[in-house]
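These are the residues of each chain, in order.
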Amino acid sequence: MDAVSMSSLLQTEEEKLRSELKADAVIDRNRKQSVERLNAALDRVLLRYNAANTDDRSRQAIADCEAAAVRDMLGLLLAGTARKEITKRRLRAGAIIALLLAVICGLVSALLIRRYYLAGCIAVGAAALFAFLSGRLWYGEREVRVHAELDPDVVWKTLKRTAETMDRKTEEFLSQQEAWAQDAAPDPAGSELPLSPDELKLLSELLEALYANNGEFALRQLKRIQPWLRQKGIETVDYSEETRELFELLPTKRDTATQRPALLYEDRLLVAGKATEHVN
């Protein structure tokens, strides 16, 4: 059975969502209402996606994070504004010529109308015509109404592409998470050992000295402990007046001596030392 994806769930909303977006753009002319519809559609898709993946919390968490970011970005659809623009028409030379002809025809009609009535009437008509043309060609302010709206097809394609990206990134993250888990898992073949080969060799030789019941051999082996501790970053500190606070002190009539060194790791006391201090 194929896994449920965000894009496949969104595809079931296509017909309903596109018709609603077209109604918002053509009839209601309400971009805010379109954004609310997109938010509601994402909520429905996310709810169904989480219901289909109840046994995969990682997938649900990723989907919630991605959908939250997409919902917040939908507010950018309201960032655009629409304003009324007023533009001026360019002054045309034909308007001036028509005006001059109208004046000339008006003067000619005034001179001819008494003697030549018909010619005067024609001149009056020509003057009126040229005056009309001059007014039409003359520049003036023109108001342009601008209405901003969302293109339903572009919005749907963008939303569909976003859902496909969410699915792809979810699968990539889950694959990477699985690879991390495999890298962190111990080797099933048992090749991981609790101690390194050098540490095992040291401990085996110390045990050999114990079982051999040979004091000289045991002392030679014990001298290897301090270099081994230094490899681990642990320092052994002998007793002195400067290191007095690191030791448990025992009074003695003999000379002051270190019975057990203090163990330090990065200036942190791991084990307090033991020393004898001479008293009168």
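Right above here is the structure, for reference.
Keep in mind it's a predicted model, so treat the numbers as computed, not measured. (Residues numbered from 1 in each chain as written. Predicted model: local features only at pLDDT ≥ 70, side-chain atom pairs only at ≥ 80, totals over all residues. Heavy atoms only, no water.)

K.L.:
If you had to explain the overall build of the protein to someone new, which residues and values would you point to?
P.N.:
Per the secondary structure count, the protein includes ten helices and eight strands. Counting the 280 residues in the protein, one finds 24% classified as buried. Relative to all contacts within the protein whose residues are 6 or more apart in sequence, the contacts with residues 24 or more apart total 66%. (Helix = DSSP H or I, 4+ residues; strand = E, 2+ residues; numbered from the N terminus. Buried < 20%, exposed > 50% of the residue type's maximum accessible area, 1.4 Å probe, protein only. Contact = heavy atoms within 4.5 Å.)

K.L.:
Give me helix α2 (residues 14–28): which residues, what numbers.
P.N.:
In this model α2 runs 20 Å from its N-terminal to its C-terminal C-alpha over 15 residues, within 8% of the 21 Å that 1.5 Å per residue would give. Residues of α2 that are buried: L17, E20, L21, D24 and A25. Angularly, the buried residues of α2 cover 130° about the axis, an arc narrow enough to put them on a single face. Seen from the buried face of α2, the exposed residues on the opposite side, beyond 90 degrees, are E15, V26 and I27. Looking at the buried side of α2, the elements it contacts are α3 (31–52) and α7 (152–184). Where α2 ends, the next residue or the one after it, R29, has phi of about 50°, a positive value. (Expected span 1.5 Å × (residues − 1). Arc of directions from axis to C-beta.)

K.L.:
Quick rundown of unusual backbone geometry? Include the residues and the values.
P.N.:
At E266, a position not held by glycine, the phi torsion is positive, near 55°. You can see E266 is positioned in the loop between β6 (262–265) and β7 (268–271). Phi is positive for D267, close to 65°, though the residue is something other than glycine. For D267, the position within the fold is in the loop between β6 and β7. Judged by relative accessible area, D267 falls into the exposed class, the value being 79%.

K.L.:
Residue-level account of the sheet that holds strand β4 (residues 247–252), with values.
P.N.:
Taken in spatial order, the three strands make up an open sheet running β4-β8-β5, and their pairing is mixed. The two strands at the open ends of the sheet, each matched to only one other strand, are β4 and β5 (257–260). When the angles between neighbouring strand axes are averaged without regard to direction, this sheet yields 30°. Bridging between β4 and strand β8 (residues 273–278) involves six bridges; their strand directions are parallel. Among the inter-strand pairings, P251 is bridged to a residue of β8, identified as E277. (Pairing = 2+ DSSP bridges. Axes fitted to C-alpha atoms, helices over the stretch in contact; angles between N-to-C directions.)

K.L.:
With reference to specific residues and values, describe the packing of α2 against α7.
P.N.:
In contact at an axis separation of 9 Å, α2 and α7 are set at 140° when each is read in the N-to-C sense. The interaxial crossing formed by α2 with α7 has right-handed handedness. Between α2 and α7, the residues in contact are E14, L17, R18, L21 and K22 and P152, D153, V155, W156 and L159, respectively. (Left-handed = near helix turned anticlockwise from the far one by under 90°.)

K.L.:
Please give an account of the side chain of D167 that cites residues and values.
P.N.:
Relative to the helices and strands, D167 is located in helix α7. It is R59 that comes nearest to the buried, bridge-free D167 among opposite-charge side chains, at 6.5 Å. Non-local contacts of D167, meaning those with residues more than four positions away in its chain, are made with S5, M6 and S7. (Lys, Arg positive; Asp, Glu negative; His and termini not counted. Salt bridge = Lys/Arg side-chain N within 4 Å of Asp/Glu carboxyl O.)

K.L.:
Tell me about the pattern of salt bridges, and please be specific about residues and values.
P.N.:
According to the stated counting rule, one finds twelve salt bridges in the structure shown. Of the charged contacts, one joins R37 and E20 as a salt bridge, the two residues approaching to 3.6 Å between their closest N and O atoms. Residue R37 is located in helix α3, and its partner E20 is located in helix α2; the two are separated by 17 residues in the primary sequence. A relative accessible area of 18% places E20 in the buried class. The salt bridge involving D43 is made with R71; its shortest N-O contact spans 3.0 Å. With D43 in helix α3 and R71 in helix α4 (residues 57–73), the pair connects residues that are 28 residues apart, well separated along the chain. Overall, the relative accessible area of 23% leaves R71 in the partly exposed class.

K.L.:
Let's hear about the sheet that holds β7: which residues, and what values?
P.N.:
The strand order β3-β6-β7 describes an open sheet built from three strands, whose pairing is antiparallel. The strands lining the two open edges of the sheet, one partner per strand, are β3 (234–237) and β7. Pairwise comparison of adjacent strand axes, ignoring direction, gives a mean angle of 40° for this sheet. Across four bridges, β3 lies against β6 in antiparallel orientation. Directly across from I234, in β6, lies its bridge partner Y265.

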